[in-house]
Amino acid sequence: MATVMDRKTSFAVVLVHCYLSFATIICMFTYVRGNPNVLCGEREREALLTFKQGIIDRSNQLSSWIGHECCVWKGIGCDNITGHVIHLNLRNPYDEVTAPEAFSQSQLGGVISDSLLELKHLRHLDLSENHFADSHIPSFFGYLGNLRYLNLSCAGFVGTIPHQLANLSNLHFLGIKGFLQVDNLEWLSHLSLLEVLDMSFVNLSKASNWLQVMNLLPSLSQLLLSSCELDKYDPIPSVNFSSLSVLDLSVNYNLSSTILNLLCNISSLERLNLAYINIQGVLPSAIGSLSQLIYLDLSNNGLEGKLPRSLGNLCNLQHLDLSHNKLGGGVYELLGNSSACTVKNMEFLDLSWNRLLDTFPDQLGKNKKLSLLFLDSNMLSGPIPVSIENLSSLRILSVSHNKLNGTIPVSLGHLSNLEELYISDNFLESFVSDVHFSNLTNLKTLEASSNLLTLQVSFNWVPPFQLQILEMESWTLGSRFPAWLQSQKDLQVLNLSNTSISGVIPSWFWSLCSQFLVLDLSHNQIRGSIPSLSCGGSIFLGSNNFFGPLPHISSSIQGLDLSNNSFRGSLSPFVCEQNDIMRDLQFLDLSKNLLSGEVPDCWMNYSQLIVLNLGSNNLTGNIPSSLGSLSMLEFLTLNKNNLSGHLPLSLQNCKFLKIVDLRENHLSGSLSIWSGNSSAYLRVLVLRSNKFYGSIPHEFCHLKSLQIMDLAQNKFTGPIPRCFGNLSTMVGNPDIIDEGNFPLIEARYGEPVLLVTKGIEYEYRETLALVTSMDLSSNNLIGEIPDELTSLYALRFLNLSNNQLHGKIPEKINAMKLLESLDVSMNQLTGAIPQSMASLTFLSHLNLSYNNFSGRIPSSTQLQSFSALCFIGNDHDLCGPPLTSSCVGDGPSLDTTPNADDEGREDSGWIDLKWFYMSMPFGFVVGFWGVFGPLAFNKAWRWAFFKFLDDMKNKFFNSV
């Protein structure tokens, strides 16, 4: 009987609880929407209208603020009994990420009127996600004493947070996220009822007592201080947070590494974000004491060592992010240990970009809730386990950039919820059939490039998925164009480069072209002509067998690579077609084709162009002046053509040029177009094998970013400018205007830069940012090698050969510590080779031949390792290894006083030489008659010999 009564009582309690909850929801709804039976007060209505007058409302959000009843206005909520305004919610209704344009249009701005002080009963005020540009947070907000909720986050406010907010003693929620600052945090200690505090992005560097202040907030449950510029603090023995469940201190690089040990004492934590705070060292075992943790983010720090076993104690953990650290060891303790309860509730796990070495644990399949798994960019090895099919909730699997090998298990195709699969850059090798994809009905992304995989499906195979991204670079797909692509109606990114496809692209494929953001079919054997490309995005068709004229392209194409094919004809129809339409083209590579004619002078409508490569064709004529209208141009390559004439002055308008390659043409004139102001970003200038003349302009000395200068094989005269010693990048102090590395667009779209270094042509792409080179060889330069060049201590390759330089090699050449190659051959240099050259430990190529050097070659392991050919053609006085000639003082003593031993040695020497002298007449006789004897006694030989002499004489005189 008691049991029945207890059940009835429990049931009654549940009913009362549900009733109260429902009543609360109704009241909240009434507050927000207002009660049509209650009229708002006249003074409060007038206050709101006055507030509206100062607001800039581009999207007319406040258009409903008319009439006498303010409780029904949008964003206004009134008390259901008294009619007082208690709720003012003007938060931007749109999200900046998902709807950026609508978000921007819906932002309120203007001036906030102090008429809001009339809303004496206001409890909820939300102005977040707006744009009250350059305005300070109104100090009168501190006198709205009934406020429970105040959200001013990302509202565009600037300046110092007013101390008057200390008066809001009833506040439970305070959001002031934004680029603000504080003098101190004492005012926060008065908000004893505060439960949620979001001060992300606020500069707290002057508030060194921030942790002590937070400890004085007994009700605080959520503390968000991301990107706050927190100052370093002296760790204290313990923290007193009793209710804190959410803590976000991410992106605070100045925090001490001990912060993690300090926070491990807060047993109430459920969400902890310490990403980007520069934590160093080993992940402490004490992390396992945070038994309530649901969310843990320690990404982008300097954590190292093995994953602690105590991680297995976090049984409630759903989200774990340890990516971008230096963690090593294996993943067994976290993923494979059957006694660990961490993985039981795990939904998100990111261990990418570490140094993990283990294999995939077979026990991984026990985690039924795991939805997102990121293990990419580690050193994991072994096969993908068959048990992976048990991860029934998995939506994203990323294991790219590891050392996985073996075959892809068929069980992978059983993950019916899988949406994204990333397995690129491994050592997987197997045949992949339609069975592997049998149940992947939700797959949207497949990135599997750079493996040794072969696709074997029937010609009429229809995949069960609709992909948006497909990357299968370096697979073997067979010679026929994949017919199954015809079923993929949602494709936006398609990469089938280097997949052995041959033949002609079917017409149905080009009908899909308009939906592509990226299409890459490069490095195949596809043939045929392309009449038109009505695509958008970026198209890569280079290194195939396409032929015929260049195709017509739509104005929406952003990038086009048709390089290394057999396109022929003129550029004019391609470039100048529809010349009244602005193009979106950002990169264009037509190099290594059979294009002919002049470069057209109609580039005015390509204002977005960043990369232009027309190299290795048969183009003739001048460089057109309209190239100067390409104000965004960064990479210009016209090498290996038959271009002539002077460089147009309009190129000075291309102020963002970084790479200019005009080598192997017939260009002439001076180089005065490159001045310091117009070429501040220029890093690579290759003008090799042209006909430029005159002196090297001193304006080159202002090219602070220049790291590669190749002016070889031209007709430059005059001395080497002494101010070359000021080239900042070659000195080793890159100018602040450039970060030092070439952008990604160059690595993907730009042709590799070919440089002659160490006498051989090398190709540079990824390592281009590390190369510093100066080649002035094969010109008519005169004067001495400037001492100022020795200040270029970051220079790796220096070639001054085949000029008319005189004087000595600078004594301080040892200051060029990174020098790998030095060539000053075929000049008129004199004097001794500087002893300091012996300390150039990186020197691997040296040529000092055909000068007038004298004296002893300095002794060092480096210099003596070079061939004697590096020193030939100099004064006879040049001596020492590796030359065979000895220096004076290296041989035996020159004392002329004979003694018995000396006489013995002289007699011995004569005995050795007399046979040489006695055999000379005999050798002469044998040699003479061996040649002329047959001519004297054999008529046929004699006739042939004199005929040969007559022919040589005739050729000589005819050539003259």
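Here the structure is a predicted model, which means the values were calculated and not measured. (Residues numbered from 1 in each chain as written. Predicted model: local features only at pLDDT ≥ 70, side-chain atom pairs only at ≥ 80, totals over all residues. Heavy atoms only, no water.)

Asker: Describe the overall build of the protein chain, listing the residues and the values that go with them.
Answerer: The helix and strand inventory of the protein chain stands at 12 helices and 60 strands. Burial status across the protein chain gives 50% buried among its 960 residues. In the protein chain, once contacts between residues fewer than 6 apart in sequence are set aside, the share between residues at least 24 apart is 55%. Taken as a whole, the protein chain presents about 44400 Å² of accessible surface, with 55% of it coming from carbon and sulfur. (Helix = DSSP H or I, 4+ residues; strand = E, 2+ residues; numbered from the N terminus. Buried < 20%, exposed > 50% of the residue type's maximum accessible area, 1.4 Å probe, protein only. Contact = heavy atoms within 4.5 Å. Areas by Shrake-Rupley, 256 points an atom, 1.4 Å probe, with all protein chains shown as cover.)

Asker: Let's hear about the sheet that holds strand E14 (residues 280–282): which residues, and what values?
Answerer: Strands sit in the order E14-E16-E18 across an open sheet of 3 strands; the sheet is parallel. A single partner strand is all that each edge strand has here, and the edge strands are E14 and strand E18 (326–327). (Pairing = 2+ DSSP bridges.)

Asker: Talk me through the sheet that holds strand E23 (residues 403–406); I want residue IDs and the actual numbers.
Answerer: As summarised here, the arrangement of the 4 strands in space is E21-E23-E25-E27, forming an open sheet in which the pairing is parallel. Single-partner strands in this sheet number two, and they are strand E21 (381–382) and strand E27 (452–456). As paired elements, strand E25 (residues 427–433) and E27 share 5 bridges and run parallel to each other. Bridging across to E27, serine 433 finds its partner in glutamine 456.

Asker: An account of a nonpolar patch on the surface is needed here, citing residue identities and associated values.
Answerer: There is a patch of nonpolar side chains on the surface, built from Met826, Tyr850, Leu869 and Ile872 and spanning about 390 Å² of accessible area. You can call isoleucine 872 partly exposed: its relative accessible area is 30%. (Patch = residues over 30% accessible without salt bridge, like charges linked within 9 Å, V, L, I, M, F, W, Y side chains within 5 Å. Salt bridge = Lys/Arg side-chain N within 4 Å of Asp/Glu carboxyl O.)

Asker: I'd like a description of unusual backbone geometry, backed by residues and values.
Answerer: Geometrically, the link from proline 881 to proline 882 is a cis peptide bond, its omega value of 10° lying close to zero. Considering the arrangement of structural elements, one finds proline 882 in the loop between strand E60 (852–854) and helix H11 (900–937). Phi at tyrosine 276 takes a positive value of approximately 60°, unusual for a residue other than glycine. Topologically, tyrosine 276 is positioned in the loop between strand E13 (271–273) and E14.

Asker: Outline the pairing of strand E58 (residues 828–832), listing residues and values.
Answerer: When a strand is regular, its side chains alternate between the sheet's two faces. Both strand E56 (residues 804–807) and E58 contribute to a ladder of 2 bridges, which runs parallel. Pairing of glycine 807 across the sheet is with leucine 829, part of E58. The pairing of E58 with E60 spans 3 bridges and is parallel. Following the sheet pairing, threonine 830 is matched in E60 by asparagine 852.

Asker: Hey, could you go over the environment of glutamine 864 for me, with residue numbers and the actual values?
Answerer: Tracing the backbone shows glutamine 864 in the loop between E60 and H11. In this structure the C-alpha to C-alpha distance between glutamine 864 and alanine 838, which are 26 residues apart in sequence, comes to 9.4 Å. Beyond its immediate chain neighbours, meaning those up to four positions away, glutamine 864 contacts Ile857, Pro858, Ser859, Pro881 and Pro882. One polar contact links the side chain of glutamine 864 to the main-chain carbonyl oxygen of proline 858, over a distance of 3.2 Å. (Polar contact = N/O pair within 3.5 Å; in protein donor to acceptor, adjacent residues only side chain to side chain.)

Asker: Lay out the pattern of salt bridges in plain terms, naming residues and giving numbers.
Answerer: A full pass over the atoms with the stated rule returns 9 salt bridges. With its nearest N and O atoms 3.1 Å apart, the salt bridge here joins arginine 45 to glutamate 46. A residue is classified by how much of its surface remains accessible, and arginine 45, at 8% relative accessible area, is buried. The class of glutamate 46 is partly exposed, set by a relative accessible area of 36%. Glutamate 788 serves as the salt-bridge partner of arginine 722, at 3.0 Å between the closest nitrogen and oxygen. Remark: glutamate 788 occurs in the loop between strand E54 (780–783) and strand E55 (797–799) and arginine 722 occurs in the loop between strand E50 (715–718) and helix H9 (728–731); sequence separation between them is 66 residues. Linked through salt bridges whose partners overlap, the residues forming this network are Glu42, Arg45 and Glu46.

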